[in-house]
Amino acid sequence: MKAKDVRNTIVLMLHEYTQVDVYRSGQVSPEAKIPYITYSVTSPYQPETTPGHFETVQENDETYLYRRERAGMSLSFTACSQNREKDGIRIQGEDEAMELAEKAQGWFLFVGRAELSAAGIVVEDVNNVQPRNVLMVDEEANRYGFDVLVRYIREDRRVTGNVEEVIAKGKKL
């Protein structure tokens, strides 16, 4: 599995669970409809201290060398909201952002842990929800976020070629 596949799987599943937009922070796009969740991949590849597992596989007429290892990825999620009126009801951005961040965090701790595991991604660590507010022009944007560490099997392969004939001590083997 590649880091991009891990990221895309997590973002899609989190969006389906929370029912709000989940998009990469820092990207150029129109202003998102509040509430929403942003994410950033803080470290796409965290290797373990092993050389990995190597395996040679014959596929059709080619021979491939595979290298597999348990790799890590850390992501940061931030739930965003603002104070506003909706259908005549006052919504407190602070409360909404905190509740959304806790819902997303809870997904990683429980439902998402099982769903991601079935997809080959293991949730290793989920950090505390913390305030991440920022000052806008005349109001503070309410933000709460947390970080997650996941593990997955990274796989790389290359063509090694086939051994057609071996001659040892003048004899074909």
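Structure shown above.
Here we summarise the structure given alongside this text. (Residues numbered from 1 in each chain as written. Predicted model: local features only at pLDDT ≥ 70, side-chain atom pairs only at ≥ 80, totals over all residues. Heavy atoms only, no water.)

## With respect to the environment of Arg143
Here Arg143 is to be found in strand E10 (residues 140-159). In this structure Arg143 comes out as partly exposed when scored by relative accessible area, which is 24%. When the C-alpha positions of Arg143 and Pro131 are compared, they lie 6.0 Å apart, and in sequence the two are 12 residues distant. (Helix = DSSP H or I, 4+ residues; strand = E, 2+ residues; numbered from the N terminus. Buried < 20%, exposed > 50% of the residue type's maximum accessible area, 1.4 Å probe, protein only.)

## What about the nonpolar core?
Of all hydrophobic cores here, the largest spans 29 residues; its most connected members are Ile10, Ile37, Phe77, Phe108 and Val150. Going through the elements one at a time, helix H1 (3-18), strand E2 (36-46), strand E4 (62-81), helix H2 (93-109), strand E7 (121-126) and E10 are the ones with two or more residues in this core. For this core, the leading source of residues is H2, giving six residues. If you look at the next biggest cluster of nonpolar residues, it comprises five residues, including Tyr23, Ala32, Ile34 and Tyr36. (Core = buried A, V, L, I, M, F, W, Y, C linked by side-chain atoms within 4.5 Å.)

## Details of the side chain of Arg84
Inspection of the secondary structure assignment puts Arg84 in strand E5 (residues 84-86). We classify Arg84 as buried; its relative accessible area is 18%. Within the structure, the side chain of Arg84 is placed 2.8 Å from the side chain of Glu96, a separation counted as a polar contact. In this structure Arg84 touches Ile34, Pro35, Ile89, Arg90, Ile91 and Glu96, once residues within four positions along its chain are discounted. (Polar contact = N/O pair within 3.5 Å; in protein donor to acceptor, adjacent residues only side chain to side chain. Contact = heavy atoms within 4.5 Å.)

## Re the pattern of salt bridges
What the rule picks out here adds up to 12 salt bridges. Between Asp156 and Arg67 there is a salt bridge, and its shortest N-O distance comes to 4.0 Å. Of this pair, Asp156 sits in strand E10 while Arg67 sits in strand E4, and the two are 89 residues apart along the sequence. Taking relative accessible area as the criterion, Asp156 reaches 22% and is therefore assigned partly exposed. Between Arg70 and Glu124 there is a salt bridge; the shortest N-O distance is 3.5 Å. Taken together, the residues span a long stretch of sequence, with Arg70 in strand E4 and Glu124 in strand E7 at a distance of 54 residues. Since its relative accessible area comes to 36%, Glu124 is described here as partly exposed. Put simply, Lys2, Arg67, Glu69, Arg154 and Asp156 are held in one network by salt bridges that share partners. (Salt bridge = Lys/Arg side-chain N within 4 Å of Asp/Glu carboxyl O.)

Note that every value here comes from positions in space, so none of it alone points to a role or purpose.
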